[in-house]
Amino acid sequence: SRMATFALLLLPVLHPLVKSATLKLGLAAAMGLLGLAAFYSPIFQERFFVGGSGTLTDVWQGDFLSFGRFETWPDVWEEAWKRPWLGGGTGSAAAFVPTVWDGVSHVHNDCLRAFFDWGGVGLALFIAAVGLQILRLRRIARTSAGVVQQGAAAALLFFYLFLTMCVTDNPLIYNLWFTNPMFAVLG
C-alpha cells in the first residue's frame, strides 16, 4: 500500500521517545530521501501512474492511479448524508459501495466508512476513543520507563500508522493483519 509506505516513513519522525529536535530533523530528512527513492523506484512508479511513470507534480495535481477511490468517495459521501446522525448501520457502506464501484465492497477510507455506517455520532465516538487512547499513550510514554514506556511508544506508533492508513484504506477491518496486533501491543 502506498499510504502504508508513507505512514511507515513518518513513524521514525513521530516516535515519542525521540526527544531531540536535531535528531527529529535528521530523521525527517533521511525519511524524505528514502521516500523519494521509493517514489522514483520502477515498481512504485508502475503502480502509481497510468503510464508507468510520473513526478511529484503529477501527484499534487491528482494525476495518479487512485484505483477508483477519488471517483467513488463523492458518491459515498453524498449517500452518507442521507442518514447523517446515526448512519445506515454497521456494514451498510459495504452494501452500498458495489453500487458505485464495480467489484469493490470497501470504501477505502475508514473515516468515511465510519460516517456512512455510524453517522456523525458514531464517527465522533470513534474519533474521541482514538484521541483519548493517543493522549493516554503519550502520557504513559512520557512518564514511565523501561518496558512500559517502550510498549506505550509502540502502541502509539501503531495508532499513528492506523490513522494515516485510514485515509485511503480500511485498517479498522483488517483484524488479523492490523487491529489484533495493534490491540495486543496496546494491552
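Here's a quick rundown of the structure.

Quick notes on unusual backbone geometry
Right, on to step 1. Positioned with a positive phi, F67 is a non-glycine residue whose angle comes to about 55°.
Right, on to step 2. If you trace the backbone, F67 turns up in the loop between α4 (56-60) and α5 (69-80).
Right, on to step 3. Given a relative accessible area of 38%, F67 falls into the partly exposed group.
Right, on to step 4. Non-glycine residue H108 carries a positive phi angle of around 65°.
Right, on to step 5. As for its position among the elements, H108 is in the loop between α6 (92-100) and α7 (110-143).
Right, on to step 6. The exposure class of H108 is buried, given its relative accessible area of 15%.

A few points about the environment of P16
Right, on to step 1. Relative to the elements of secondary structure, P16 occurs in the loop between α1 (2-14) and α2 (21-39).
Right, on to step 2. For P16 and Q133, which are 117 residues apart along the polypeptide, the C-alpha to C-alpha distance reads 14 Å.
Right, on to step 3. For P16, the residues in contact, after removing those within four places along its chain, are A141, A153, L156 and L157.

Analysis parameters
Residues numbered from 1 in each chain as written. Predicted model: local features only at pLDDT ≥ 70, side-chain atom pairs only at ≥ 80, totals over all residues. Heavy atoms only, no water. Helix = DSSP H or I, 4+ residues; strand = E, 2+ residues; numbered from the N terminus. Buried < 20%, exposed > 50% of the residue type's maximum accessible area, 1.4 Å probe, protein only. Contact = heavy atoms within 4.5 Å.

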